[in-house]
2 protein chains.
Amino acid sequence: MSTNNTSNNAFNRTILEELLKKRFFYAPAFQAYGGVAGLYDYGPPGCALQANILDLWRRHFVLEEDMLEVDCTIITPSDVLKTSGHVEKFADWMVKDLKTGEIFRADHLVEAVLEARLEGDRQARASESDVIAAVTKDADGKSSEQDKKRKKKGKVQAVKLGDSVKAEYEEILAKIDNYTGPELGELMRKHEIKNPETGSDLTEPVEFNLMFESNIGPTGALKGYLRPETAQGQFLNFKKLLEFNNDKMPFASASIGRSFRNEISPRSGLLRVREFVMAEIEHFVDPLKKDHPRFNEVKDTKLRLLSQSIQAEGKTQPIELSIGDAIDQKIVDNKTLGYFLARIHLFLIKLGINPLRLRFRQHMPNEMAHYACDCWDAEIQSSYGWIECVGCADRSAYDLTVHSIRTKEKLVVRETLPTPQVYEKTILDINQKIFGPKLRQNAKIVEEYLTSLDEQQLESLKEDLEKGNGKTTVPGTNGEGYEVSTEFLTIKRQTFAEHVREYTPNVIEPSFGIGRILYSLIEHVYWMREGSEQRAVLSFPARVSPFKCLLVPLSHHPTFTDLIQDMTTRLRKLSIPIKIDDSSNSIGRRYSRNDELGTPFAITIDFQSVKEGTVTLRERDTTKQIREKAKAIFRFLLSSYLTAAFYNIDTILVILKDLVEENITWETVISRYPEFTQQELD
Amino acid sequence: MSTNNTSNNAFNRTILEELLKKRFFYAPAFQAYGGVAGLYDYGPPGCALQANILDLWRRHFVLEEDMLEVDCTIITPSDVLKTSGHVEKFADWMVKDLKTGEIFRADHLVEAVLEARLEGDRQARASESDVIAAVTKDADGKSSEQDKKRKKKGKVQAVKLGDSVKAEYEEILAKIDNYTGPELGELMRKHEIKNPETGSDLTEPVEFNLMFESNIGPTGALKGYLRPETAQGQFLNFKKLLEFNNDKMPFASASIGRSFRNEISPRSGLLRVREFVMAEIEHFVDPLKKDHPRFNEVKDTKLRLLSQSIQAEGKTQPIELSIGDAIDQKIVDNKTLGYFLARIHLFLIKLGINPLRLRFRQHMPNEMAHYACDCWDAEIQSSYGWIECVGCADRSAYDLTVHSIRTKEKLVVRETLPTPQVYEKTILDINQKIFGPKLRQNAKIVEEYLTSLDEQQLESLKEDLEKGNGKTTVPGTNGEGYEVSTEFLTIKRQTFAEHVREYTPNVIEPSFGIGRILYSLIEHVYWMREGSEQRAVLSFPARVSPFKCLLVPLSHHPTFTDLIQDMTTRLRKLSIPIKIDDSSNSIGRRYSRNDELGTPFAITIDFQSVKEGTVTLRERDTTKQIREKAKAIFRFLLSSYLTAAFYNIDTILVILKDLVEENITWETVISRYPEFTQQELD
């Protein structure tokens, strides 16, 4: 797959966005009704692209590791999300314009205003005529597109700032993700940050919970939320899943589905929306056994890691090393985490993500989600900068523990120990036959007291009994004193053999934002051919492209109709999604319109096809073609299912199926079959 | 596929439900938190089954007809659903117990209470000892399970009813779906229907809107709902989809996704839930051209049709005839509708639905949804009775029209006419150069009046002008009279040639409730083997079964480990989802546990496998096996991709892939390869 797009320089996002809307990859939802911020519909190409990404995800993760895939509900009773911590903590800070009522997300606003002031400072420092056209790039790779956005929002005024102010702004921006609400309010006061459009004052930052609320049922008594992640459904089914897995550990559950975040200010197209598709894995692992049985298969995978320690030094360049080395050097905490980072990397590359524009950044301690003790984000670089597309969190035993406490259901793994664990313990033994009659109506409260004692307290009581010649006084749970004696009370050391170890598993959670991956992928595979006609190409890998093959008759002649029909039927039988273009556009234009959709192959039918039963097969990126004579015999391809010495239309179809399933590469095909070089008619 | 389940008699739903929960096909969501009525999670087998049904649906509909699949948002602004009529009409009637506050759905309550009284009447009429055990079946096939349910709800008392009362109850029950709220209230008063549990009075029926509400964004100003169907998103994208289809008609959009209904009383397991997966098609068709280009391919498909006229006669037995005949006899309105009924039928049969337990029932006029002018439901019979699983509605131009009016966006097809449509029209021509100066400041209001006239009114005005010698008086839009004359006013007949025809398409909408289909399918394929051990089998077609192959080593011997690993890797490469069972259970038990999951094939590895490279392949329903010697050569199967004269483990895998994709049947395999009859070890 050829892609020119290793740098941002020639890239024009406005043109790409126009293309994506025009070809209906996606579009704002409810446009006729004015649209709703953060809601997008996927049209046929976008929908197919998403489905192919998810299909590949299932094969790469669920199928490959025998994961247990579940499909849980979106509607979640509020009690569940109270317990998980989301009701309290899943919020952003917002400020409101006191006059207009307009609402801003506080951190985004501070960011926009300070960036505008820094831009103004740059303008003031540079010469007037040069500045506006300059392509400004800062250290973290944000492009000039973002500068243009800032200018709009921040009303850039060319004002020079003092050096210390400039440094202070830059420091604030570097840490912008880490401030609490009150801290943001303080910054806004200190630096006089107001509504950039109107100049009005803004309220103190107030928390806004990011979950959509709804009532369940007719009474109004049962409050619920739309889930902000698929994870909780998976955790709550832990026991059933463990049982389904024959009590074997480790195992992973997986779930693909929509989640919801009632964002204060959706922006950046598909990157910050209110409703989105997630694919999440919950890998349940013994906290004492964080090796991974298949780690060796991935240990040489090279990753670009931006660890906590590098960031703490103020640096932004990741180091590149194999995951095996990263584990040895203790950059990544354990092999299970390392295994998943490598598998995430391999998946994204398989999709077509440019490895040079992919890195893994570890969360700093104060930016972790409330449930995570470690987290590495797969960040993909697009024209919007480095954006988190996959989060790989260590949720330790947080979720299972909070749900277990709340529901009083043990969420544990019971493991038969290979050799029993032997230990001693001080225990209490009450001879009820004597104890009951002796203490009569007070028996209960005395027993309650006695059974509440821990080992140390029992040892202490034993001493008291010895000192008192077998008798002593203890309080009942009512506080009164009661006499107890060794007649009915024995306190002794006893040896136990524990055959079963019970533990709460830890969870490693790779969590994929499919819309973000999809958008970033498009940016990575998008390029323009040489020449003035603005011919765009989306060079998706064949397995991912929305349509697999274009079917075109060379001209609009009735003789082709039957052959087109026949080809269509055969391609459908092979389950190959096609697009037919029998419009009156030139053949070159029809190829080009499908290059825009990223369709990797095109079959062209002409008069020779009708006569001889041969067709041409064109490849998208090279635009090269092969043509083959009709024959009726197959021969096996030993490395994939088929090869052919002599071949006909069926052969082309079979080659196509192999190409589409990536059992064979175009290079192999082109090396086997002579190239067909009829001129493309433009 | 062998299924014994053509009648209900031996079927026990409680046992099946226990099996489905035990094997985690699905389970109530949030069980540890007490559950929420109408919310279910799908575990690994149910999730896979659902995914396979949807995959088959895409191939059968979307791929086969080049439908345009979209993925739209669940969150919908309230304005859209006001326009569509759902805010006003998408409701059920509820009544409330005045003392306890308990809420019932009014029609279900009336149904339950009257059925209980009829059951009590039956008990009173029959002899005491016989009645309780009797299997009661009424004309529409409801089983005794439902009677047991009724008994619980309705507190059956053995009281004999008068004949006329009994007849009245039966008539009410036959029409129970058709009453309005006030009518239900009247019935409840007349027949003294109260809370069956407490005997308390109930409120008048009140409408409860069935959509989940939520606020979008932080201001609280933008109200939204969770969509009750995927249809609106498809309609609102009509223009973009028409453009994507190169303005060609007819075409269909399709959408798979979750929809939501805040049911008053969820019940019947997966059949009435609050959150469910739908797959919907919107087929846009010219109202004047309701033929279908592919109708002939399906015209001989036999369907069982319960039309309006049959039901109006009080009958409940459908007629069986080909869809071609049904069109000819005008039982089904048009070929597009007929084509889809046939395609729905073929899809359901392909899934494994028993055709004897499938029928198409037409809605009576007063039960149509507010947007439909015709509707045929595919009803599947299960232990819950005949349940609508697919609705095939004719929505005419309703939705596009209401959205067009509200948004002022034309949602039409513009069709270039092959020959221009020539017509005459009476038109008005105002010579502004004279009109303006003549009428001066009154020109505007007079012109507004004149341009508002229709053809008839213009003809009338023309007559007035002729009578008045070229002059007459007309009112301005202010009501005052103004003189006009033929100096500046010409009214004439003119001929037009219309080259473009503009029309609003009609919509035929097949709408699939995937959860209902999934549950009904399970009931249809479920059966018990002969014998006392209660061995259940789910005889899913191979393409639909959650797992395709069980992999078992005959015993738990270390020599098998490498071979198991090798087979696993190969099966994964073929994308065949498998389950490995290397537990210490007997081989028979392991086969049986996977028959419960519906796994169609099992590969068993034994010592001969290690020595010779052969394995056995067992089929689920017949339990028969084949075994083959190891050889290294393939040969083509000419009808599907491969055959083999001599074959080895790879051969078995390739046969398996063909079986799983249903390119070949087990019958063909067994006819080609000698049967292997080693005794199954139990």
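Bear in mind that the values here come from a model prediction, so they are computed numbers and not experimental data. (Residues numbered from 1 in each chain as written. Chains lettered and ligands numbered in written order. Predicted model: local features only at pLDDT ≥ 70, side-chain atom pairs only at ≥ 80, totals over all residues. Heavy atoms only, no water.)

Undergrad: Looking at this model, I keep getting lost on the packing of helix H1 (residues 13-22) of chain B against helix H20 (residues 514-525) of chain B. Mind explaining?
TA: When two helices pack together, their arrangement is given by the angle between the helix axes and by the axis-to-axis distance. All names here are of chain B. At a minimum axis distance of 11 Å, the contact between H1 and H20 shows a crossing angle of 115°. Considering the relative orientation of H1 and H20, their crossing is right-handed. Counting all contacts with H1, which are made through Arg-13, Leu-16 and Leu-20, the residues of H20 involved are Tyr-519, Ile-522 and Glu-523. The class makeup of the residues in the contact of H1 with H20 is 4 nonpolar, no polar and 2 charged. (Axes fitted to C-alpha atoms, helices over the stretch in contact; angles between N-to-C directions. Helix = DSSP H or I, 4+ residues; strand = E, 2+ residues; numbered from the N terminus. Left-handed = near helix turned anticlockwise from the far one by under 90°. Contact = heavy atoms within 4.5 Å. Nonpolar A, V, L, I, M, F, W, Y, C, P; charged D, E, K, R; others polar.)

Undergrad: Explain the UniProt feature "domain: Aminoacyl-transfer RNA synthetases class-II family profile" (unreviewed entry) in chain A here, please?
TA: UniProt marks residues 183-541 of chain A with the feature "domain: Aminoacyl-transfer RNA synthetases class-II family profile" (unreviewed entry), using the numbering shown here. Along residues 183-541 of chain A, the helical share is 30% and the strand share 35%, with 46 Å between the first and last C-alpha atoms. (UniProt positions renumbered as here; feature names shortened; annotations may be inferred.)

Undergrad: In this structure, what is going on with the relation of the copies chain A and chain B? I would like to understand it.
TA: Each of the two chain copies goes to the other by way of a rotation about an axis and a shift along it. In screw terms, the move from chain A to chain B is a rotation of 179° and a rise of 0.1 Å along the axis, fitting with an RMSD of 0.6 Å. Such values leave the two copies arranged in the relation of a two-fold axis. Considering only C-alpha atoms, the part of chain A nearest the rotation axis is Ser-214 of chain A, at 2.7 Å. Of the interface residues in chain A, 99% have counterparts in chain B that sit at the interface too, so the contact is made through matching surfaces. (Least-squares fit on C-alpha atoms with pLDDT ≥ 70 in both.)

Undergrad: Can you walk me through the sheet that holds strand S4 (residues 75-77) of chain B in this structure?
TA: To summarise the sheet geometry, strands pair through backbone hydrogen bonds and adopt either a parallel or an antiparallel arrangement. Residue and element names in this part refer to chain B. The strand order S4-S9-S8 describes an open sheet built from 3 strands, whose pairing is antiparallel. With partners counted over all chains shown, the strands left at the sheet margins are S4 and strand S8 (213-216), one partner each. Neighbour to neighbour, the strand axes of the sheet diverge by 45° on average, direction disregarded. Alignment of S8 against strand S9 (residues 222-226), held across 4 bridges, turns out to be antiparallel. Bridge assignment links Ile-216 to a residue of S9, and that residue is Leu-222. (Pairing = 2+ DSSP bridges.)

Undergrad: Looking at this model, I keep getting lost on helix H2 (residues 44-63) of chain A. Mind explaining?
TA: Residues spaced three or four apart along an α-helix point in a common direction, a consequence of the helix completing one turn every 3.6 residues. The terminal C-alpha atoms of H2 of chain A, which comprises 20 residues, lie 26 Å apart, in line with the 28 Å expected from a rise of 1.5 Å per residue. By the criterion of burial, H2 of chain A is predominantly enclosed, with 16 of the 20 residues buried. (Expected span 1.5 Å × (residues − 1). Buried < 20%, exposed > 50% of the residue type's maximum accessible area, 1.4 Å probe, protein only.)

Undergrad: Please clarify how the environment of Gln-381 of chain B should be interpreted in this entry.
TA: Residue and element names in this part refer to chain B. Along the chain, the position of Gln-381 falls in strand S15 (residues 374-382). Taking the relative accessible area as the measure of exposure, Gln-381 reaches 13% and is therefore buried. Remark: the alpha-carbon pair of Gln-381 and Ile-319, spanning 62 residues in sequence, is separated by 16 Å.

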